[in-house]
Every structure is written in structure tokens, then in C-alpha cells.
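# Geometric and topological summary
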Amino acid sequence: MKIHFLGTAAAEGFPNAFCRCEHCLKARKLGGKNIRTRSSAIIDDVIKFDYSPDSYMQALRDDIDLGAIEHLLVTHTHSDHFNAYDLECRRTGIAHELQHPLHIYGNDAVMYHTRVAIGRFAGERFAFHLLRPYETITVGDARVTPLLADHDSMETCLLYVIEKEGKKLLYGHDSGWFPEATWAWLKGKQVDCAILDCTHGYTGKSRDRNHMCIETVLEAQREFRKENILKEEGHIIVTHFSHNSKLLHDEFEDIFKPAGIVVAHDGLIVHI
Ligand SMILES: [Zn+2]
Ligand SMILES: [Zn+2]
Ligand SMILES: [Zn+2]
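The structure displayed is predicted, hence computed values, not measured ones.

Our focus in this paragraph is the coordination of the zinc ion (ligand 3). Taken together, the protein donors to the zinc ion (ligand 3) comprise H76 (NE2), H78 (ND1), H151 (NE2) and D174 (OD), at separations of 2.1 to 2.6 Å. Every donor counted, the four donor atoms about the zinc ion (ligand 3) form angles of 90 to 173 degrees at the centre, which fits irregular coordination. All donors of the zinc ion (ligand 3) come from a single chain, and their spacing in sequence reads H-x1-H-x72-H-x22-D. A distance of 3.5 Å spans the gap from the zinc ion (ligand 3) to the zinc ion (ligand 1), which D174 bridges by coordinating each metal. Of this pair, H78 sits in the loop between strand 4 (71-73) and strand 5 (102-106) while D174 sits in the loop between strand 10 (167-172) and helix 4 (180-186), and the two are 96 residues apart along the sequence. Look at D174 and you get buried, because its relative accessible area is 2%.

Here it is as C-alpha cells:
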């Protein structure tokens, strides 16, 4: 399974284009892996997680054919994860020579926004699929299970487990410490890779709510071991970093390296 990280920042981007804090100034000056756009990832070139407001530029930057994406799994409707109006560029007469509709999956808020933005183009170019937590569906040649996140009390935010060609991936953000039902579902699942939220830096909270911090990621790693959730040789990859973490890419790497946790950056490609 190929995982291509398109964006690895929290909602405001890193640097935040409006911000003059020392961390944003430093990120601008150093460039490279310190420049993070809004979060999204592509699996095996055909399944995309979220459609961030930076999707267009990410596709140009990494030479990605968005017309080849068959399935879009949306975690929630926060503006850094879902920019439904932009998908109109895929409609008939505007995009040509497309071979298949784009299947869009998500909670009822995602379906509502999708219907308002592009509902009139459903059929040839789009298909919409309402998901319920813990109900497994087939997505192309993958099995996908949406799990409840702890992220926004006013929305049923979802995480995803993808099983494909004998590999299992947990796409675990945005979320704080997982809800009990999600921990129970994950027990013994032996995933090959878990992608976690590390929006905050050090907060001193080992079970942070809404987003994870460094201590919560390390606590989640302990829980994964205890409950047999991650394979022995499995990977944890952290993403969705905020400038309010006050940490640049190299600093996150120094912190997570001893725990064997990988720090994502824009454009990173991992094969599991
Ligand atoms: Zn987010
Ligand atoms: Zn800043
Ligand atoms: Zn969010």
C-alpha cells in the first residue's frame, strides 16, 4: 500500500499566512519540510482522504492526476478538510475524458455540504455514500470501516481503517484520545500503519481531547502495544501540526525518533 501525504498542517497551515510569530517566521525562512499545507493523503493513487482547500496546488506540486482518484473518504467538514465547492471543477463540460465518477463518502454533514455544492452534477461525475460509524463497506478492492473520532461535539467526525491487499491502515485524525467504542473496535486488529494527529506540541495531557499532542501520541503508542492494535513491525506516522506547537520539522523528528515514530511532511511517500 502506497501512502502519499499531500498536506500535513493543522487548519491554519504552517506557517499561517497571517501569522508573524517566531515559529511561522522561522518556517518561512527555512522552507523545505517546514512548509506544511492543509491535510490530505492519497492511497495507491486512487483513494483520497479529504479534499483540503490546498488540493489544487498539491496536485500541481506533486504531479498528481486528480482525475484518476476514484474514491474520496471525508473525515469531517472543517474547512481544512473539505472544500466541496472546488469539486465542481470535475463536472461535465469543465473536466474532459474522465473514465469514472468520483465516489464521495462521509457523515451526514459531509453529504449535506456535498449536495448543496455539487448535488446537481450527481450521476455521471459524482456518487454520494452516507457512512455510519463501525459499518464496514467495500471501496473498490478495499474494505473500509469508519470509526468515531473525538474531535467536534457538533459533528460525527470519522476516522478510517482501510484493509487492502493484506495490509491495514488506520487514518486516525482529526481526533483527540479515541472514544471507548473506537478503542474497543481496534483491539487486536494488528494494523500495519497508524496515522495520528499531533496538532499540539507538549501540553502535559496524556489523553488530550479534540486533537492529540506529543504526550497523547506516546500514550496511544502504549495503548496500541497493550491492546495488540499495531503489528510488532508496524509504523506510527504523526501529522496535522500547528505552528502553536512551537516546533519545526527537525524538532518533531528529534522528539519522536526515540519512540520509532515517523514525522510526516508534505510530499512524503511511504510504502507499507
Ligand atoms: Zn484539521
Ligand atoms: Zn505563527
Ligand atoms: Zn477538524
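So, next bit.
Below, the discussion takes up the sheet that holds strand 11 (residues 191-197). The sheet built from seven strands is open, its strands ordered 7-8-9-10-11-12-13 with mixed pairing. Looking at which strands have only one partner, the edges of the open sheet turn out to be strand 7 (137-139) and strand 13 (262-263). Examined bridge by bridge, strand 9 (residues 158-164) and strand 10 share five bridges and lie antiparallel to one another. Each residue of the ladder has a partner; that of Y160, found in strand 10, is Y171. On top of the sheet, helix 5 (residues 214-226) reaches strand 10, strand 11 and strand 12 (230-239); it is set at about 155 degrees to strand 11, its chief contact.

Feature annotation in UniProt places "domain: Metallo-beta-lactamase" (unreviewed entry) on residues 62-227, given in this structure's numbering. Across residues 62-227, the secondary structure splits into 19% helix and 26% strand, with the terminal C-alpha atoms separated by 37 Å.

Turning to the pairing of strand 12, a few remarks are in order. Where strand 11 lies against strand 12, six bridges are found, and the strand directions are parallel. Considered in strand 12, the bridge of D197 is made with T239. In this view, the connection linking strand 11 to its parallel neighbour strand 12 by way of helix 5 has right-handed handedness. Bridge count between strand 12 and strand 13: two bridges; the pairing is parallel. By the bridge assignment, I237 is partnered in strand 13 with V262.

Within the protein, C19 (SG), C21 (SG), C24 (SG) and H243 (ND1) serve as the donor atoms for the zinc ion (ligand 2), at 2.1 to 2.3 Å. Metal-centred angles of 96 to 115 degrees between the four donor atoms at the zinc ion (ligand 2) mark the site as tetrahedral. Each donor residue of the zinc ion (ligand 2) lies on the same chain, and together they follow the pattern C-x1-C-x2-C-x218-H. One end of the pair, C19, is in the loop between strand 1 (2-7) and helix 1 (22-30); the other, H243, is in the loop between strand 12 and helix 6 (249-256), and 224 residues separate them in sequence. Each member of the pair, C19 as well as H243, carries the same accessibility label: buried.

Moving on to the sheet that holds strand 2 (residues 40-43). The mixed open sheet is built from seven strands, whose spatial order is 6-5-4-3-2-1-14. In this open sheet, the two edge strands, each paired with only one partner strand, are strand 6 (126-130) and strand 14 (269-271). The average undirected angle you get between the axes of adjacent strands in this sheet is 20 degrees. One ladder, built from three bridges, connects strand 1 with strand 14; its direction is antiparallel. Paired with I3 across the two strands is V270, which belongs to strand 14. Lying on the sheet, helix 3 (residues 108-118) is in contact with strand 5 and strand 6; it crosses strand 5 at an angle near 140 degrees.

This paragraph deals with a nonpolar patch on the surface. Residues Y56, M57 and L60 make up a contiguous nonpolar surface patch of about 370 Å² in total accessible area. Within the secondary structure layout, Y56 lies in helix 2 (residues 55-61).

On to the nonpolar core, then. With 35 residues, the main nonpolar core has F178, L196, F224, V238 and F256 as its most contacted residues. At the level of secondary structure, the elements contributing two or more residues to this core comprise strand 9, helix 4, strand 11, helix 5, strand 12 and helix 6. Counting residues per element, this core draws most heavily on helix 5, which supplies four residues. The residues touching F178, leaving out its near neighbours within four places in the chain, are L159, L170, G172, W183, L186, L196, M212 and F224. With 25 residues, the next largest nonpolar core counts F49, L131, L158 and I237 among its residues.

Each value, and the rule that gives it
Residues numbered from 1 in each chain as written. Chains lettered and ligands numbered in written order. Predicted model: local features only at pLDDT ≥ 70, side-chain atom pairs only at ≥ 80, totals over all residues. Heavy atoms only, no water. Donors = N, O, S within 2.8 Å, 3.2 Å for Na, K, Ca; no water. Tetrahedral: all angles 85-135°; square planar, octahedral: opposite > 155°, others 65-115°. Helix = DSSP H or I, 4+ residues; strand = E, 2+ residues; numbered from the N terminus. Buried < 20%, exposed > 50% of the residue type's maximum accessible area, 1.4 Å probe, protein only. Pairing = 2+ DSSP bridges. Contact = heavy atoms within 4.5 Å. Axes fitted to C-alpha atoms, helices over the stretch in contact; angles between N-to-C directions. UniProt positions renumbered as here; feature names shortened; annotations may be inferred. Right-handed = clockwise from strand over helix to strand, strands pointing away. Patch = residues over 30% accessible without salt bridge, like charges linked within 9 Å, V, L, I, M, F, W, Y side chains within 5 Å. Areas by Shrake-Rupley, 256 points an atom, 1.4 Å probe, with all protein chains shown as cover. Salt bridge = Lys/Arg side-chain N within 4 Å of Asp/Glu carboxyl O. Core = buried A, V, L, I, M, F, W, Y, C linked by side-chain atoms within 4.5 Å.

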